[in-house]
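Here is how the chains run, residue by residue.
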Amino acid sequence: MDRQKIEEGVRLILEGIGEDPKREGLADTPYRISSMCEEIFGGYTDDAKVHLQKTFASKTSDIVIEKDIPFYSVCEHHLLPFFGTVSIGYVPDGRVVGLSKLARTVETYAKRAQIQEQMTSEITEAICKYLSPKGVIVAVSAEHLCMSMRGVRKPGTKTFTYRAEGCFLDNDRLKDEFFRLIG
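Presented here is a report on the structure given in the accompanying data block. Just so you know, these numbers come straight off a predicted model, no measurement behind them.

**Some remarks on the overall build of the protein chain**
When you go through the protein chain residue by residue, the secondary structure sums to seven helices and seven strands. Listed by position from the N terminus, the elements making up the protein chain come as α-α-α-β-β-β-β-α-β-α-β-α-β-α. Residues classed as buried in the protein chain amount to 40% of the 183 residues present. Expressed as a percentage of contacts within the protein chain between residues at least 6 apart in sequence, the contacts between residues at least 24 apart total 69%. When the accessible area of the protein chain is evaluated, it comes to approximately 10400 Å², of which 52% is carbon and sulfur surface.

**Brief notes about the nonpolar core**
Grouped together as the largest cluster of nonpolar side chains are 27 residues, with contacts concentrated most on Phe71, Val86, Ile88, Tyr90, Met119, Ile123 and Ile127. Of all the secondary-structure elements, those providing two or more residues to this core are α3 (48–52), β2 (64–75), β3 (81–91), β4 (95–97), α4 (99–110), α5 (116–131) and β6 (135–144). In terms of residue count, the dominant contributor to this core is α5 (five residues). With sequence-adjacent residues up to four places away left out, Val86 is seen in contact with Glu66, Lys67, Asp68, Ile69, Phe71, Val106, Met119, Ile123, Val138, Ala139 and Val140. Listed in part, the nine residues of the second largest apolar core include Val91, Ile137, Ala164 and Ile182.

**Thoughts on the side chain of Thr29**
Position of Thr29 relative to the elements: it lies in helix α2 (residues 29–40). Within polar-contact distance, the side chain of Thr29 engages the side chain of Arg32 at 3.0 Å.

**Digging into the pairing of β2**
Along any regular strand, the residues point their side chains to alternate faces of the sheet. Direction of pairing for β2 relative to β3: antiparallel, over a ladder of nine bridges. Counterpart to Ile65 in the pairing with β3 is Gly89. Linking β2 back to β3 in an antiparallel pair, the connection comprises five residues, with Leu79 at a positive phi of about 55 degrees.

**Quick word on α2**
The terminal C-alpha atoms of α2, which comprises 12 residues, lie 16 Å apart, in line with the 16 Å expected from a rise of 1.5 Å per residue. Within the span of α2, buried status applies to Thr29, Pro30, Ser34 and Cys37. The buried residues of α2 all sit within an arc of 135 degrees when viewed along its axis, so they share a single face. Of the surrounding elements, those touching the buried residues of α2 are α1 (3–16).

**Re the side chain of Ser87**
Mapped onto the elements of the fold, Ser87 is located in strand β3. For Ser87, a relative accessible area of 4% translates into the label buried. From its side chain, Ser87 meets the backbone nitrogen of Asp68 in a polar contact 3.1 Å long. The contact partners of Ser87, leaving out residues within four places of it in the chain, are Glu66, Lys67, Asp68, Ile137, Val138, Ala139, Phe178 and Ile182.

**Some remarks on the packing of α4 against α5**
Contact geometry of α4 with α5 gives a least axis separation of 9 Å together with a crossing angle of 135 degrees. Relative to α5, the element α4 is oriented oblique. By crossing handedness, the relation of α4 to α5 is classed as right-handed. Every residue of α5 that contacts α4 at Leu102, Thr105, Val106, Tyr109 and Ala110 is listed here: Met119, Glu122, Ile123, Ala126 and Ile127.

Reading the values: the criteria
Residues numbered from 1 in each chain as written. Predicted model: local features only at pLDDT ≥ 70, side-chain atom pairs only at ≥ 80, totals over all residues. Heavy atoms only, no water. Helix = DSSP H or I, 4+ residues; strand = E, 2+ residues; numbered from the N terminus. Buried < 20%, exposed > 50% of the residue type's maximum accessible area, 1.4 Å probe, protein only. Contact = heavy atoms within 4.5 Å. Areas by Shrake-Rupley, 256 points an atom, 1.4 Å probe, with all protein chains shown as cover. Core = buried A, V, L, I, M, F, W, Y, C linked by side-chain atoms within 4.5 Å. Polar contact = N/O pair within 3.5 Å; in protein donor to acceptor, adjacent residues only side chain to side chain. Pairing = 2+ DSSP bridges. Expected span 1.5 Å × (residues − 1). Arc of directions from axis to C-beta. Axes fitted to C-alpha atoms, helices over the stretch in contact; angles between N-to-C directions. Parallel < 35°, antiparallel > 145°, perpendicular 65-115°, else oblique. Left-handed = near helix turned anticlockwise from the far one by under 90°.

Written as structure tokens, this is what we have:
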């Protein structure tokens with residue numbers, strides 16, 4: 001991450017809105033923003049494979065669900081936050097992963113500038129690729145500040161996306177059970 005470019009950009013934005021970037025209250029803002037960017041965009045240097053490669057043998061073929069994993073991300077269109085929860089369900093095929101690793105996988109993709117639809121797909125694809133379950137389903141519910149504080153200005157509006165793969169695609173009973181359990 002190029003912190004110097006970020007800091008230069010923040011100074012230009014401050015000047016562009018009519019502020020004095022050297023004013024006492026703003027003098028350290030470019031530095032604070034570059035520090036924040038390292039934190040909230042840290043997913044670019046993270047790899048879901050690292051989190052999902054350590055698995056454990058398991059005889060279960062029942063659905064494993066981790067629900068309501070909180071996340072914060074940034075909309076690539078307006079650079080405003082969107083935030084909410086992710087619920088993940090998968091049917092193991094002889095191996096399971098530690099539950100914290102699912103939450104870490106969510107963080108890997110949430111900490112990037114992007115859209116919710118893409119984040120949902122990336123999480124699903126990573127779990128399919130590195131865990132090789134019989135099936136996986138990922139559901140994301142989020143509020144987007146680009147809709148709440150600007151534009152249409154509808155605070156509290158939630159966007160819901162989901163993606164299913166494997167046995168969740170052709171088994172409506174299993175898909176319905178997932179949604180019932182996370183409801």
